[in-house]
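Spelled out from the first residue to the last, the chains are:
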Amino acid sequence: MRRKLLGMATVLGCMVALVVTAPAAPASAAGGCWYSGNHWWCQNYYGAGVYNLSWDGRTELVGRMYSTTSWFDCRDETTPAWVGGPHPYRWEFTQADNGEYGWMKDSEIISETDPLPVCQPT
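Here's a quick rundown of the structure.

Calculation notes
- Residues numbered from 1 in each chain as written.
- Predicted model: local features only at pLDDT ≥ 70, side-chain atom pairs only at ≥ 80, totals over all residues.
- Heavy atoms only, no water.
- Disulfide = S-S within 2.5 Å.
- Buried < 20%, exposed > 50% of the residue type's maximum accessible area, 1.4 Å probe, protein only.
- Salt bridge = Lys/Arg side-chain N within 4 Å of Asp/Glu carboxyl O.
- Helix = DSSP H or I, 4+ residues; strand = E, 2+ residues; numbered from the N terminus.
- Core = buried A, V, L, I, M, F, W, Y, C linked by side-chain atoms within 4.5 Å.
- Contact = heavy atoms within 4.5 Å.

## Comments concerning the state of the cysteines
- With the rule as written, the count across this model stands at two disulfides.
- Between the sulfur of Cys 33 and that of Cys 42 lies a disulfide, 2.0 Å long from S to S. Across the S-S bond of Cys 33 and Cys 42 the torsion is about 115°, and the bridge reads as right-handed. Both residues of the pair, Cys 33 and Cys 42, belong to the buried class.
- Ordering the disulfide-forming cysteines of the chain by sequence position, one finds them joined as 1-2, 3-4.

## Concerning the pattern of salt bridges
- By the definition in use, this model includes five salt bridges.
- Among the salt bridges present, the one from Arg 90 reaches Glu 77, with a minimum N-O distance of 2.9 Å. Taken together, the residues span a long stretch of sequence, with Arg 90 in the loop between β6 (74-76) and β7 (91-95) and Glu 77 in the loop between β6 and β7 at a distance of 13 residues.
- For Glu 77, a relative accessible area of 39% puts it in the partly exposed group.
- One salt-bridge network, in which partners are shared between bridges, spans Arg 75, Glu 77, Arg 90, Glu 112 and Asp 114.

## Here's the deal with the nonpolar core
- Judged by nonpolar contacts, Cys 33, Trp 40, Cys 42, Ala 48, Val 50, Met 65, Phe 72, Ala 96, Met 104, Ile 109 and Leu 116 together constitute the single largest core of eleven residues.
- Looking at this core, the elements with two or more residues in it are β2 (39-43) and β3 (48-53).
- With near-sequence residues (within four places) excluded, Phe 72 lies in contact with His 39, Trp 40, Cys 42, Asn 44, Glu 92, Phe 93, Thr 94, Met 104, Ile 109 and Leu 116.
- Listed in part, the eight residues of the second largest apolar core include Tyr 51, Val 83, Trp 91 and Trp 103.

What follows is the structure, given as structure tokens:
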């Protein structure tokens, strides 16, 4: 009986230790994009794709972003290309690390992109 109680106490102690040492959730969500030096700057995922968009919803990868803080000029939600996330049709205009201009999926950007201006038609 004593052995059984000791085993139960050990299991209970381990369970308490797991609860106490569980990692905490992030304290807050990422902040919004900010304006500096003629561009809007946002935090994005490493290796995020930059695409050429066609207005029928097709996308063509033209480059990648290997920096995780990148500049953007504006945002657009008029394309039918779905990206998911809180802004399911939003894309941001930027320049990939290979020099090609294009659009990044909003779901690849960590910062809130609401501060970016809406792109003006050209």
